[in-house]
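Coordinate inspection notes
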Amino acid sequence: MAERRYNFNPGPAALPLEVLEQAKEELVEYGESGLSLLEMSHRSKIVERLNAETQSLLLELLGLKEGYHALFMGGGASTQFALVAQNFLVPGKVGNYMLTGSFSEKAYSEAGYVGPVHAAASSKDAGWRSIPRLEEVRLEDPAAYLHITSNNTIEGSRYNVLPETGDVPLVADMTSDILGRVIDCGKLSLFYAGAQKNLGPAGVTAVVIRDSFLEKASKNIPVIQRYATFVKEKSLYNTPPVHTIYIMNLVLKWTAALGGVPEMERRNAEKSGLLYRVIDGSGGFYRGIVEPECRSQMNVTWRMADPELERRFLAESERAGFEGLGGHRSVGGLRASAYNAVPLEACQALADFMVEFQRVNG
Ligand SMILES: *Cc1c(COP(=O)(O)O)cnc(C)c1O
């Protein structure tokens, strides 16, 4: 194989090489079944077992034992923006949202088609460069839930602590930092993550829901949109993307074997630290976009003096083997997404490249 590129794609993102190789080995025949997983019934014992094992592995890695279910659903994290509201924004209640970036705005706007919504706090006027201070959060009653985006993939910011909401259920879009750092998931009533950042390939969305929260869900919506359907049918109500769930299974085992979430957090701090150190030590050649105390360890964002220099950086980085460093089209600048599967060596190579680029162009 040609040398692998340093993959900093924001999503779909890097997968562990070991996982890709094992999946290749097992593609044509899974175990001794005489079939590929790609052609196997989702009602078969093998797939039932794989599905159940993957759900337990996820809960285990998240440190959740009793009182939660893990679900695998379709439609990406974006579908959850609508489903959360359809299930829980019941008549008489208000959906509360923290606005901290474009994905949180989308969640808020989708919920607005279902019922009344309220922006409990926003960092929009601050150019999304920070997370609102928790003292600024104003919930509107009666609150169905407070929705947050734990890590803002596009802007490169994150919550360091979860908001305290008392009796109000806390719901989180954790697409870009699930399993990337230690979060007290026991404080969350529901959270979800499109798989294509830290969990596996695109095509499945992991949802974790607290059983006592599920009891509050609407029964007045189509069966396919109810979380209760997926709990009851163990996410086998209709045909799931079996092979995608299988790759997630391998990624979860890879994560566990390396030491689980605490070890991922340690690695991610080290990896992003290499890049932030170059940015902060560059005397303004590289300018971090987010306020230092709200910086993400998954998505490192920065700008340079002018768009022309940024274009040159991007073009030269691509020639040097780096993939996916352009900032989101809505933000511009540069972004390095260093998810769990991105190795330390890739971040070291990028840090070295940045230093050298500044030496030549600074
Ligand atoms: C990538 C991402 C999404 C969108 O996910 P899709 O699966 O493409 O719908 C939503 N929220 C966050 C935080 C993301 O990082």
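Residues numbered from 1 in each chain as written. Predicted model: local features only at pLDDT ≥ 70, side-chain atom pairs only at ≥ 80, totals over all residues. Heavy atoms only, no water.

Quick look at unusual backbone geometry
- Cis peptide bonds are those with omega within 30 degrees of zero, and the linkage from Gly11 to Pro12 qualifies with -5°.
- With respect to the helices and strands, Pro12 occurs in the loop between β1 (6-7) and α1 (17-25).
- A cis amide bond links Asp141 to the next residue, Pro142, at an omega of -15°.
- Position of Pro142 relative to the elements: it lies in the loop between β4 (117-122) and β5 (143-149). (Helix = DSSP H or I, 4+ residues; strand = E, 2+ residues; numbered from the N terminus.)

Things to note about the nonpolar core
- In this structure, Phe8, Tyr286, Trp302, Met304, Phe313, Leu350 and Met354 are the most contacted members of the largest nonpolar core, which totals 44 residues.
- Residue assignment for this core shows that the elements contributing at least two residues are α1, α2 (45-61), α7 (242-258), α8 (260-280), β12 (299-303), α9 (307-319), β14 (334-337) and α10 (344-361).
- Shared between two domains, this core holds at least three residues of each, these being domain 1 (18-257) and domain 2 (260-361).
- In this structure, Leu58, Met174, Cys185 and Ala195 belong to the second largest nonpolar core, which totals 41 residues. (Core = buried A, V, L, I, M, F, W, Y, C linked by side-chain atoms within 4.5 Å. Buried < 20%, exposed > 50% of the residue type's maximum accessible area, 1.4 Å probe, protein only. Domains from an automatic or database assignment.)

Structural notes on a nonpolar patch on the surface
- Taken together, the side chains of Leu27, Val28 and Leu38 make up a nonpolar region of the molecular surface, amounting to roughly 310 Å² of accessible area.
- Summarising the element assignment, Leu27 is placed in the loop between α1 and α2. (Patch = residues over 30% accessible without salt bridge, like charges linked within 9 Å, V, L, I, M, F, W, Y side chains within 5 Å. Areas by Shrake-Rupley, 256 points an atom, 1.4 Å probe, with all protein chains shown as cover. Salt bridge = Lys/Arg side-chain N within 4 Å of Asp/Glu carboxyl O.)

Remarks on the domain arrangement of the protein chain
- Looking at the assigned domains, one finds that the protein chain contains domain 1 (18-257) and domain 2 (260-361).
- One C-alpha centre belongs to domain 1, the other to domain 2; they are set 27 Å apart.
- Buried area between domain 1 and domain 2, summed over both chains or domains, comes out near 2,100 Å², and the portion from carbon and sulfur atoms is 55%.
- Broken down by secondary-structure element, the contributors of at least two residues to the side of domain 1 that touches domain 2 are β6 (151-152), β7 (157-158) and α7.
- The leading source of residues in the side of domain 1 that touches domain 2 is α7, at three residues.
- The residue makeup of the side of domain 1 that touches domain 2, split by class, is eight nonpolar, eleven polar and six charged. (Buried area = accessible area lost by both parts, 1.4 Å probe. Nonpolar A, V, L, I, M, F, W, Y, C, P; charged D, E, K, R; others polar.)

A closer look at the environment of Asn152
- Within the secondary structure, Asn152 sits in strand β6.
- With residues up to four places along the chain from it excluded, the contact list for Asn152 reads Thr100, Gly101, Ile131, Ser157, Arg158 and Asn299. (Contact = heavy atoms within 4.5 Å.)

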